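# Geometric and topological summary
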Amino acid sequence: MKDNNKKVYVETYGCQMNFSDTEIVMSVLSDYGYNETDRIEDSDVILLNTCSIRENAERKIFNRLEHLRNYKKKNSNRIIGILGCMAERLRVEIIEKADFVDLIVGPDEYRKVPQLIENILETGEKGIAVKLSKIETYDDITPVRKEGITAWVSVMRGCDKFCTFCVVPFTRGRERSRKIGSITDEAKKLFDEGIKEVTLLGQNVNSFNDGGRDFSDLLRAVAISVPYMRIRYMTSHPYDCSPKLLETMAEFGNVCKYIHLPVQSGSERILKLMNRLYSVGQYLKVLNLAKKLMPGIGLSTDIIAGFPTETEDDHKLTLKLMEEAEYDGAYTFAYSPRENTKAYNMEDNVPEEIKQRRLEEIITLQRIISLRINRNLIDSTKMVLLENISKKSPEFMMGRTDCNKTVIIPRNGHKAGAFVNVRINNANSATLFGDECLIN
Ligand code: 5AD
Ligand code: SF4
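Predicted model only: the values in this text are computed from it and were never measured. (Residues numbered from 1 in each chain as written. Chains lettered and ligands numbered in written order. Predicted model: local features only at pLDDT ≥ 70, side-chain atom pairs only at ≥ 80, totals over all residues. Heavy atoms only, no water.)

### A few points about the sheet that holds strand E11 (residues 230-234)
What counts, and what does not: Any two strands between which DSSP finds at least two bridges are classified as paired. In this text, helices come from DSSP runs of H or I with a minimum length of four residues, and strands from runs of E with a minimum of two, each type numbered from the N-terminal end. Interaxial angle, 0 to 180 degrees, is taken between N-to-C directions of lines fitted to C-alpha atoms, where a helix line uses only the stretch in contact. Residue contacts follow a heavy-atom distance rule, with two residues in contact if any of their heavy atoms lie within 4.5 Å.
Here three strands make up an open sheet; going across it, the order is E7-E10-E11 and the pairing parallel. Both outer strands of the open sheet, strand E7 (150-154) and E11, are each paired with one neighbouring strand and no more. Pairwise comparison of adjacent strand axes, ignoring direction, gives a mean angle of 25° for this sheet. For strand E10 (residues 197-201) and E11, the ladder comprises five bridges, and the chain directions are parallel. Considered in E11, the bridge of Leu-200 is made with Tyr-233. Packed on one face of the sheet, helix H8 (residues 215-225) meets E10 and E11 and runs near 160° to E11.

Here's what the structure looks like:
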């Protein structure tokens, strides 16, 4: 490994996949002698790993870029690079709006980042690499992870579902999967390094396919290869969330009983317009099987408010479905039109105030449901994996249950990485509170 004494400062925006990709970029760069710094003023290279999922995610990056202009002015040799989905989607606009950006690299071209940087330093030419690949999985690259007790393991990339609102199939390209053997090797290595929990990541993990072996085969293989490690995964598409997958989850004690299953809408008509490929009935069937096989399973979802043509009745159907599903949590968004997607050609005809009002109603209802579920957990005992000192107070530690509930307990000399039995004694809609309790 070389040491070129160059320091890289990275900011990552958007989904977990981007955070995992940043670890890959840092790995590629560290092979060329680059070191990461968390002090932007010390950096030779500034990278933003960006998100395009909604318009405000992109707006945020353009604002950030305006600020970074000053860092370029202070040191004109400093390289400023845009990675990720915006690099893929908006390369022309980025150069127009922020001509000081030197480097633009899409999600499938991260191996080229070091050479592109060298070339910029030698020639002063901008480095642009935005080809999407049908095969790149970065299978052979060991991500450079920050210290901690949990880790992301990316298992597949891209998405072929083409939901009509979503830009991901355009920015991240076609689905492709890593090899099961390479994933289990990585999990074993992480366990040996002291990692206690891995999350298997993909835009749509249920489409995982390694020579005919599907995602439940992968989950089984990982669960067997690291029997003392907690295993999570995200994100699943309800269309191909099979009974076999749910049965595999139920079978293994080290597979967390938590599933993030984005529904997007409770209206049959809107689901069709979204090309989600399932009906409300089929969705609930999957959810009910999960609840039956794994009583108490943690459930979360994604919901979009104000998709084109959404009526008040459609919106009410979403609220009704939320009541029926009884999610522990929901990630909720106002519809944002994205160029190139099919929905972009539909009129964005739900006025902004109505979108926002519906979104508020969804958020409020979810808060009520989450609070009800969490309060019901008071006086129960949960096994909690402690992750960090609480952000709010150094006297407390934060951890999560197998069902993905955040739990706060007094620190009392506990260390991150410990599994602790906790008696829950209080709850709000987002967090459980409790004390360690010794039981056998
Ligand atoms: N507008 C609003 N929300 C969106 N999502 C994806 N595309 C859009 C869009 N154009 C949401 C979906 C998806 C989550 C990751 O982001 O709910 O599941
Ligand atoms: Fe986007 Fe749909 Fe693919 Fe998820 S499944 S990344 S929402 S196109």
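There's plenty left to go through after this.
### Remarks on the domain arrangement of the protein chain
Applicable threshold: Bear in mind that the domain bounds are from an automatic or database domain assignment. For any pair of parts, buried area is found by adding up, for both, the accessible area (1.4 Å probe) each one loses once the two are put together.
Examined at the domain level, the protein chain breaks down into domain 1 (7-129), domain 2 (147-256), domain 3 (286-376) and domain 4 (381-436). Just the C-alpha atoms count here: the centres of domain 2 and domain 4 sit 26 Å apart. Taken together, the contacts link nine residues of domain 2 with 12 residues of domain 4. Around 790 Å² of area is buried between domain 2 and domain 4 when both sides are counted, 54% of it from carbon and sulfur atoms.

### Description of the packing of helix H9 (residues 243-251) against helix H11 (residues 280-293)
When two helices pack together, their arrangement is captured by the angle between the axes and the distance separating the axes. Threshold: In what follows, roughly perpendicular refers to angles from 65 to 115 degrees, roughly parallel to angles under 35, roughly antiparallel to angles over 145, and oblique to any angle outside these ranges. Helix crossings are classified by the rotation of the near helix relative to the far one: an anticlockwise turn of less than a right angle makes the crossing left-handed, while a clockwise turn makes it right-handed. Residue polarity is assigned by list, with Asp, Glu, Lys and Arg as charged and Ala, Val, Leu, Ile, Met, Phe, Trp, Tyr, Cys and Pro as nonpolar; anything else, Gly included, falls into the polar class.
Two elements in contact, H9 and H11, have axes whose closest approach is 10 Å; the angle formed by their N-to-C orientations is 20°. When the axis of H9 is compared with that of H11, the two are roughly parallel. The crossing of H9 and H11 is right-handed. Residues Pro-243, Leu-246, Glu-247 and Ala-250 of H9 touch H11, and the partners they reach there are Val-286, Leu-289, Ala-290 and Leu-293. Here the contact of H9 with H11 is built from residues that sort into seven nonpolar, no polar and one charged.

### A closer look at the packing of aromatic side chains
The criterion, for reference: Working definition: rings of Phe, Tyr and Trp (its six-membered ring) pair if their centres are within 6.5 Å, and the pair is stacked with planes under 30 degrees apart, edge-to-face with planes over 60 apart, and tilted otherwise. Each residue is assigned to one of three classes by its accessible area relative to the maximum for its type, calculated with a 1.4 Å probe on protein chains only: buried under 20%, partly exposed between the two thresholds, exposed over 50%.
On inspection of all chains with the given rule, the structure shows six aromatic pairs. Measuring from centroid to centroid gives 5.6 Å for Phe-162 and Phe-170, while their planes differ by 80°, and the two rings are edge-to-face. Judged by relative accessible area, Phe-162 falls into the partly exposed class, the value being 33%. Looking at Phe-170, the relative accessible area reads 32%, which means it is partly exposed. Ring geometry for Phe-215 against Tyr-233: centres 5.0 Å apart, planes inclined by 70°, an arrangement best described as edge-to-face. Pair noted here: Phe-215 is in helix H8 and Tyr-233 is in strand E11, with a separation of 18 residues, a long-range link.

### Some remarks on the site of ligand 2
Here is the rule: Working definition: residue near molecule or strand if any one of its non-hydrogen atoms lies within 4 Å of it.
The full set of residues close to ligand 2 is Cys-159, Lys-161, Phe-162, Cys-163, Phe-165, Cys-166, Val-168, Pro-169, Gln-203, His-237 and Arg-276. Across the shell around ligand 2, the residue classes break down as seven nonpolar, two polar and two charged.

### Considering the sheet that holds strand E17 (residues 406-410)
The strands that make up a sheet pair up through hydrogen bonds in the backbone, lying either parallel or antiparallel. Reading around the barrel, the five strands line up as E15-E16-E17-E19-E18 and close back on themselves, with mixed pairing between neighbours. Taken pair by pair, the neighbouring strands of this sheet meet at an average axis angle of 50°, ignoring direction. Direction of pairing for strand E16 (residues 396-401) relative to E17: antiparallel, over a ladder of five bridges. Its bridge partner lying in E17, Met-397 is registered against Ile-409. Packing against the sheet, helix H13 (residues 352-376) makes contact with strand E18 (419-427) and strand E19 (431-436), and its axis sits at approximately 120° to E18.

### Some points on the packing of H8 against H9
The N-to-C vectors of H8 and H9 enclose an angle of 10°; their axes lie 9 Å apart at closest approach. It follows from the interaxial angle that H8 and H9 lie roughly parallel. Considering the relative orientation of H8 and H9, their crossing is left-handed. On H9, the residues touching Phe-215, Ser-216, Asp-217, Leu-219 and Arg-220 of H8 are Lys-244, Leu-245, Thr-248, Met-249 and Glu-251. Counted by class, the contact of H8 with H9 contains four nonpolar, two polar and four charged residues.

### Brief notes about helix H1 (residues 16-31)
Selection rule: Residue count minus one, scaled by 1.5 Å, sets the expected span of a helix.
With 16 residues, H1 should reach 22 Å at 1.5 Å per residue; the first-to-last C-alpha distance of 23 Å fits that figure. Count one or two residues on from H1 and you reach Gly-33, which has phi positive near 90°.

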